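Examination of the molecular architecture
Residue-level listing of the chains:
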Amino acid sequence: MELSYGDVKDAAARIDGRIRPVAVAPAGGIGPGGSDPFTAWFALEYMQHTGTFKARGAQNFLQAHKDAGTVPEAGVSIASGGNAGLACAWAARSQGIPATVFVPTTAPAVKVERLRDYGAQVRLAGSEYADALAACREFAASSGALLSAAYDHPLIAAGAGTLAEEIHQRLPELDTILVAVGGGGLFAGVATAAGHYGVRTIAIEPAASCALNAALAAGEPVDVEVNSIAADSLGARRATQLAVTAARRFDAESVLVTDDEIVAARRMLWSDRRIVVEHGAATALAAITSGRYRPAPGERVCVVLCGANTDPGAW
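Notes on the structure in this doc start here. (Residues numbered from 1 in each chain as written. Predicted model: local features only at pLDDT ≥ 70, side-chain atom pairs only at ≥ 80, totals over all residues. Heavy atoms only, no water.)

Another aspect to go through is the state of the cysteines. The final tally for this structure, using the stated rule, is 0 disulfides. Left unpaired, Cys-136 is separated from the closest cysteine sulfur, that of Cys-88, by 8.7 Å. The cysteine Cys-302 is free of any disulfide, with Cys-306 supplying the nearest cysteine sulfur at 12 Å. (Disulfide = S-S within 2.5 Å.)

Now for empty space enclosed by the protein. Scanning all chains against the criterion turns up 2 cavities of 30 Å³ or more. For the largest cavity, the calculated volume is near 70 Å³. Taken together, 13 residues line the largest cavity, and the ones lying closest to its centre are Ala-58, Ile-78, Ala-84, Ala-149 and Ile-156. Put simply, the parts of the chain that give the lining of the largest cavity at least two residues each are helix 2 (54-68) and helix 3 (83-94). Sorting elements by how many residues they give to the lining of the largest cavity places helix 2 first, with 5 residues. Grouping the amino acids of the lining of the largest cavity by side-chain chemistry returns 10 nonpolar, 2 polar and 1 charged. Volume-wise, the second largest cavity comes out at about 40 Å³. Forming the boundary of the second largest cavity are Ala-164, Ile-167, His-168, Leu-171, Leu-174, Ile-177, Ala-194, Tyr-197 and Val-199. At 3 residues, the largest contribution of residues to the lining of the second largest cavity is made by helix 6 (residues 154-170). (1 Å grid on protein atoms, 1.4 Å probe; cavity = no way out; pocket = protein on both sides within 12 Å on 5 of 7 lines; lining within 4 Å. Points joined across faces, edges and corners; volume = space filled by probe spheres on them. Helix = DSSP H or I, 4+ residues; strand = E, 2+ residues; numbered from the N terminus. Nonpolar A, V, L, I, M, F, W, Y, C, P; charged D, E, K, R; others polar.)

Right, let's talk about helix 4 (residues 109-117) for a bit. Side chains three or four residues apart in an α-helix point the same way, a direct result of the helix having 3.6 residues per turn. If you check which residues of helix 4 are buried, you get Lys-111, Val-112 and Leu-115. Buried residues of helix 4, seen end-on, are gathered within an arc of 100° and therefore sit on one face of the element. Facing away from the buried side of helix 4 by over 90 degrees, the exposed positions are Ala-109, Glu-113 and Asp-117. Buried residues belonging to helix 4 abut helix 3, strand 4 (99-103), strand 5 (121-124) and helix 9 (231-234). (Buried < 20%, exposed > 50% of the residue type's maximum accessible area, 1.4 Å probe, protein only. Arc of directions from axis to C-beta. Contact = heavy atoms within 4.5 Å.)

Pairing is mixed across the open sheet formed by 6 strands, whose spatial order is 1-2-10-7-8-9. Each end of this open sheet is capped by a strand with a single partner; those strands are strand 1 (24-26) and strand 9 (253-257). Along the sheet, successive strands turn relative to each other by an average axial angle of 25°, direction set aside. Bridging between strand 7 (residues 176-180) and strand 10 (residues 300-304) involves 3 bridges; their strand directions are parallel. (Pairing = 2+ DSSP bridges. Axes fitted to C-alpha atoms, helices over the stretch in contact; angles between N-to-C directions.)

In this structure, Ile-30, Ile-167 and Phe-187 are the most contacted members of the largest nonpolar core, which totals 73 residues. Membership of the second largest hydrophobic core comes to 40 residues, among which are Ile-78, Ala-91, Ala-125 and Ile-156. (Core = buried A, V, L, I, M, F, W, Y, C linked by side-chain atoms within 4.5 Å.)

Turning to the layout of surface pockets, a few remarks are in order. Taken as a whole, the largest pocket holds about 620 Å³ of empty space. Around the largest pocket sit 43 residues that line it, and Ala-231, Asp-232, Ser-233, Leu-234 and Gly-235 are the ones nearest its centre. Where the lining of the largest pocket is concerned, the elements lending two or more residues are helix 2, helix 3, helix 6, helix 7 (185-196), helix 9 and helix 12 (279-289). In terms of residue count, helix 9 provides more of the lining of the largest pocket than any other element does, 4 residues in total. Residue composition of the lining of the largest pocket, by class: 22 nonpolar, 17 polar and 4 charged. As a volume, the second largest pocket reaches approximately 360 Å³. Lining the second largest pocket are 18 residues, and of these Tyr-129, Leu-133, Arg-137, Tyr-151 and Asp-152 sit closest to its centre. Per-element tally for the lining of the second largest pocket: the top contributor is helix 5 (residues 129-143), with 5 residues. A breakdown of the residues in the lining of the second largest pocket according to their chemical character gives 11 nonpolar, 3 polar and 4 charged.

Structure follows, in structure tokens:
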């Protein structure tokens, strides 16, 4: 299974005017020691509808089905650690479609509360995303609801890839995009769009939840243990084949960071810039602040800050 640049372009046309175009901002002084021989920007995607990039894929998925007349009366159902569910609920509400969202009991309360604010029926199932997914599939089969995906679907990944298309429009001379990876939907879309322009994508994962890294080492998607502080958004047990294929096709580099490094990056964003993001979003930045990815002198890099659905007091 392979995503194409045409899929991303189709998604961009489909969701045009339905999402917030990404803003980019200079991000100097983020390397170890604060003196950077490279040029950096932040992609402020945490300002997106629902607080994460997931709004892009959700709109693309639902709009494609609505255009095709394939949305059932039972509406749409999705399993999520929180962010994909928020995006699905928001997109469904904007189009008058009922949404039922399954989340694990470990999902942050702030995300569950917002799901209900968007009008979704929320159902708690198990302690991990995989448990919620099993319950969601059973519900979809019995109710006839359209089964959406948190990340493992070409329409979801293509929608996410529109972020890289917009980054390229704003930074046409960019060399590298750094993006956090959970199941790999965002990575697959970004790598596909960025690769079209010759821009490298660096895949950043928590060492304690590294499904894509493990898949690349094994040569195929494999199950991994999920035990990271960023697991609420990067806690997939298995990376998608879309992500593995994109990583190989575009020769993406895989970088692992520790939970302590993620926490430090998140705190730095707040203390230095008054930016509040979730641990999953700070994971991409942690690769540079920790020195685990060191941009070459003169390299032009963009760090995707992909989500901010978090408790600002939980440091």
